[in-house]
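Fold and geometry: a report
Each chain, letter by letter, is given below.
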Amino acid sequence: MALSRLQLLKPPHPSPLLFPTISSPPRLLSQSRSLAKGFSTRRLFCSQSDGSLEDSGAGESSPSIVGDLLDYLNESWTQFHATAEAKRQLIAAGFRLLNENDDWDLQPGGRYFFTRNMSSLVAFAVGEKYNVGSGFHVIAAHTDSPCLKLKPRSASSKSGFLMVNVQTYGGGLWHTWFDRDLSVAGRVIQKASDGSFVHKLVRVRRPLLRIPTLAIHLDRTVNTEGFKPNFESHLVPLLATKLEEAQVKSEDKKSLSISSKSVHHSLLLQVLSEELGCNVDEIMGIELNVCDTQPGCLGGGNNEFIFSGRLDNLASSYCALRSLLDSCKFPGDLANEQAIRMVALFDNEEVGSNSIQGAGAPTMFQAMRRIVDCLAQDYIGEGAFERAIRSSFLGMLFKCLPFSPFLSRTGDRSSIIRSFVKVSADMAHGLHPNFSDKYEEHHRPELQKGLVIKHNSNQRYATSAVTAFLFKEVANIHNLPVQEFVVRNDMGCGSTIGPILASGVGIRTVDCGIPQLSMHREHYNANWSFVSGMQRAGDMRQRRCGYRLQTFHGLLPIFLRHR
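Right, let's walk through the structure included here. (Residues numbered from 1 in each chain as written. Predicted model: local features only at pLDDT ≥ 70, side-chain atom pairs only at ≥ 80, totals over all residues. Heavy atoms only, no water.)

1. Some details on the nonpolar core
- One finds L90, F95, I306 and F471 to be the most contacted residues of the largest nonpolar core, which totals 41 residues.
- At eight residues, the largest contribution of residues to this core is made by helix α8 (residues 311–327). (Core = buried A, V, L, I, M, F, W, Y, C linked by side-chain atoms within 4.5 Å. Buried < 20%, exposed > 50% of the residue type's maximum accessible area, 1.4 Å probe, protein only. Helix = DSSP H or I, 4+ residues; strand = E, 2+ residues; numbered from the N terminus.)

What follows is the structure in structure tokens.
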């Protein structure tokens, strides 16, 4: 029986999640397969084949991290939704929500987190054997991705169409946003019945917008001279024809007072009000991203690829979050821990991090100081916080290895695991087979050859010889492959939050990431075998082993647990 596009996008059942998972159209998943509530163990594929992830030869427990990552990606259309979903998972795992405006009462063995601006998050778990001056084991990532955002005055009309004015956010490949099924998601400031104002998250799941390309008949040179759109005049999504504007309910039109709401199309506001279950006049402000409605899925001949939007950098964000959750999942996981395990997810990395919710703000520095001060209690001594920051790199090491900065006198490499750096986790450039000349000849990370350590002598990445050595030693101990990336001298180099946090907080840092293709376009491509943590390297059914292989390359939890 033929199904309409709207029916395909409609969830098959109410979801218990804070933000329901998008249901899978039959072209991605056979109709005979139904999605379980919450996180399903049966995942999206890019064909009608009923083959499962288990059939791809990856092992029985492989679907866990990869499937949950797909759920996270499909939940997290915006940085707000990514933070909300992380918050939901932390609360479900027993973490306690803190308020930055309140006094903190922290105890050894406790698990806590706080959010800022609804788009950044810091979570941490205190070791039961924490001592004043013990360090932090930190993984940092970011929740934002290049996208289009609605302008403050988004309503415009042209040639009989209702248009939505947008501005570019970050360094995106904007031509990839043409001819996609787009919609909007973000947050709305809503007036409550008691007169107060609240933030509400919204996501319109059905295709709502489209940026059409010009037909080749009217642009004959596009294939020879290239597609060169003007991002101000050509990158404007269509919302509807003007005829549709007449269909807006008359009472809704009357409710649109001359205020900030009148700068957006009444039709768009009506769609938002229906999603929120409120009246149009209760919407006082909006902050919306333009998003692709196509859900993330597995693809490739062996289903070895993840095809999804926002992989940069939600893949790292999820793996960091999962590492923290898994590293203190069982009773006793913090029993022998002396340090503090921390994950920080920041917003606005794609535009420089200079915001209150970005890594450029003193969020992590202030949080660390508050944690140390709170746990110090009646401690009388000098420099507890400063010693904790330094211990975040080599403090444990010096206690164990007084005669060597890296190895014990017997050369036992297992002692390396007691040396910690801050891990800046961001996606890396995988080798593109059609453009291999764009990569430095001896530093070409491949999708199936291991995680990537990123270097730059101009400090665009924070990796040093020391931090790279420690990271590679941990990988060697656990038989996990590592690659290294350096940009060509005749090309500019991107950057991460690594240098910002390293200089702002004072913790030595290594920049690393999952290799991927199509970075900063509307839809990404990455290999899931390294997201799942090189599961074929050992018995993936082992539940507790001092580290978890089923997370970010199997390495991120190691930097949180030092057993």
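Now that the structure has been shown, we can carry on.
2. Digging into the pattern of salt bridges
- Under the counting rule described, the total for this entry stands at 13 salt bridges.
- For E85, the salt bridge identified is with R88, shortest N-O distance 2.8 Å. In this pair, E85 and R88 are both assigned in helix α3 (residues 79–92), three residues apart and thus about one turn of the helix distant.
- The exposure class of E85 is buried, given its relative accessible area of 1%.
- Here E287 ties to R187 by a salt bridge, and the two come within 2.9 Å at their closest N and O atoms. Here the residue E287 occupies a position in strand β10 (residues 283–292), and R187 occupies one in strand β7 (residues 182–191), the gap between them amounting to 100 residues. (Salt bridge = Lys/Arg side-chain N within 4 Å of Asp/Glu carboxyl O.)

3. Observations concerning helix α9 (residues 363–376)
- In this model, α9 (14 residues) spans 20 Å end to end at C-alpha, consistent with the 20 Å of a helix rising 1.5 Å per residue.
- Following α9 by one or two positions, Q377 has its phi on the positive side, about 50°. (Expected span 1.5 Å × (residues − 1).)

4. As for unusual backbone geometry
- Following D312, the chain continues to N313 via a peptide bond in cis, the omega torsion being 15°.
- Locating N313 in the fold gives a position in helix α8.
- Despite not being glycine, M118 shows a phi value in the positive range, around 65°.
- You can see M118 is positioned in the loop between β2 (111–116) and β3 (120–126).
- Phi at R310 takes a positive value of approximately 65°, unusual for a residue other than glycine.
- Its location among the elements puts R310 in the loop between β12 (305–308) and α8.

5. Focus: the packing of aromatic side chains
- Under the definition given, this model contains seven aromatic pairs.
- For the ring pair F178 and F227, a centre distance of 5.0 Å and an interplane angle of 80° mean the geometry is edge-to-face. Of this pair, F178 sits in the loop between β6 (161–169) and β7 while F227 is found in the loop between α4 (222–225) and β9 (238–241), placing the two residues 49 residues apart along the sequence.
- Overall, the relative accessible area of 37% leaves F227 in the partly exposed class.
- Taken together, a centroid distance of 6.0 Å and an interplanar angle of 20° make the contact between F305 and F307 stacked.
- Taken together, W104, Y112, F114 and F124 form an aromatic cluster joined through their ring pairs.
- One cation-aromatic arrangement involves R203 over W77; the distance from NZ or CZ to the ring centre is 5.5 Å.
- R370 extends its terminal NZ or CZ atom over the ring of W104, reaching a point 4.0 Å from the ring centre. (Phe/Tyr/Trp six-rings, centres within 6.5 Å; stacked < 30°, edge-to-face > 60°. Lys NZ or Arg CZ within 6 Å of the ring centre and 35° of its normal.)

Everything listed is a geometric property; what it means functionally is a separate question.
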